[in-house]
Amino acid sequence: MSKFTVIDHPLIQHKLRILRDKNTSTKDFRELVDEIAALMAYEVSRDMQLEDVEIQTPIAKTTVKQLSGKKVAVVPILRAGLGMVDGVVKLIPAARIGHIGMYRDEKTLEPHEYFVKLPEDIDKREVILVDPMLATGGSAKDAIAALKKRGAKTIKLMVLVAAPEGVKAVQAAFGDVDIFAAALDDHLNENGYIVPGLGDAGDRLFGTK
């Protein structure tokens, strides 16, 4: 089974507290999502491979570490996932960016794919799939399936808030995809929203409601 990790750094938890508040403005919400994503990316990238390389400092030659192995692609699930992209790219500026468009049927709660655009070498990259919410897990599962269908082999899912139902669903479907979250919340309500959650992340990011 895949690994599920809650990144409980004090700065992340503090910013998440403000993010959850219904009175937080669109501007502040957007900035906080960006900041939390950057802090989370620091931990999500912890196991990236390193190699030794010799350089000349102003004083002497020395052997130091640099990144090696697979390159990175950041793939947001549209539209709310867009809010997390810049935070990750600030730490990994060479990352390529793909997009997966999903929408949820308000009656059945089932996700539907409408757009996929990925780097051509996605099979050679480590993919960080980002979305603020992991609720039922439907969108995440479909996005992972879309990535695998197009050749992606190494995928990590990074979310801000997760529901136990969503975590179980993704782990059951994809035992090779590790999940990282800033918080594991209590449950889903009858409308498929995470409780206590933070509301509709897309609407709060873009000021559409």
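Let me begin by describing the structure that accompanies this report. (Residues numbered from 1 in each chain as written. Predicted model: local features only at pLDDT ≥ 70, side-chain atom pairs only at ≥ 80, totals over all residues. Heavy atoms only, no water.)

1. Re the environment of Lys61
Mapped onto the fold, Lys61 is located in strand E3 (residues 61-67). The exposure class of Lys61 is exposed, given its relative accessible area of 61%. Between the alpha carbons of Lys61 and Ile144 there is a distance of 44 Å; along the sequence they are 83 residues apart. For Lys61, the contacting residues outside a window of four places in its chain are Glu54, Ile55 and Gln56. (Helix = DSSP H or I, 4+ residues; strand = E, 2+ residues; numbered from the N terminus. Buried < 20%, exposed > 50% of the residue type's maximum accessible area, 1.4 Å probe, protein only. Contact = heavy atoms within 4.5 Å.)

2. Description of the pattern of salt bridges
Applying the stated criterion across every chain, the model contains 14 salt bridges. Across the salt bridge formed by Glu35 and Lys15, the nearest N and O atoms sit 2.8 Å from each other. Of this pair, Glu35 sits in helix H2 (residues 26-44) while Lys15 is found in helix H1 (residues 10-20), placing the two residues 20 residues apart along the sequence. For Glu35, a relative accessible area of 31% corresponds to the partly exposed category. Where salt bridges share partners, they join Lys27, Asp28 and Glu31 into one cluster. (Salt bridge = Lys/Arg side-chain N within 4 Å of Asp/Glu carboxyl O.)

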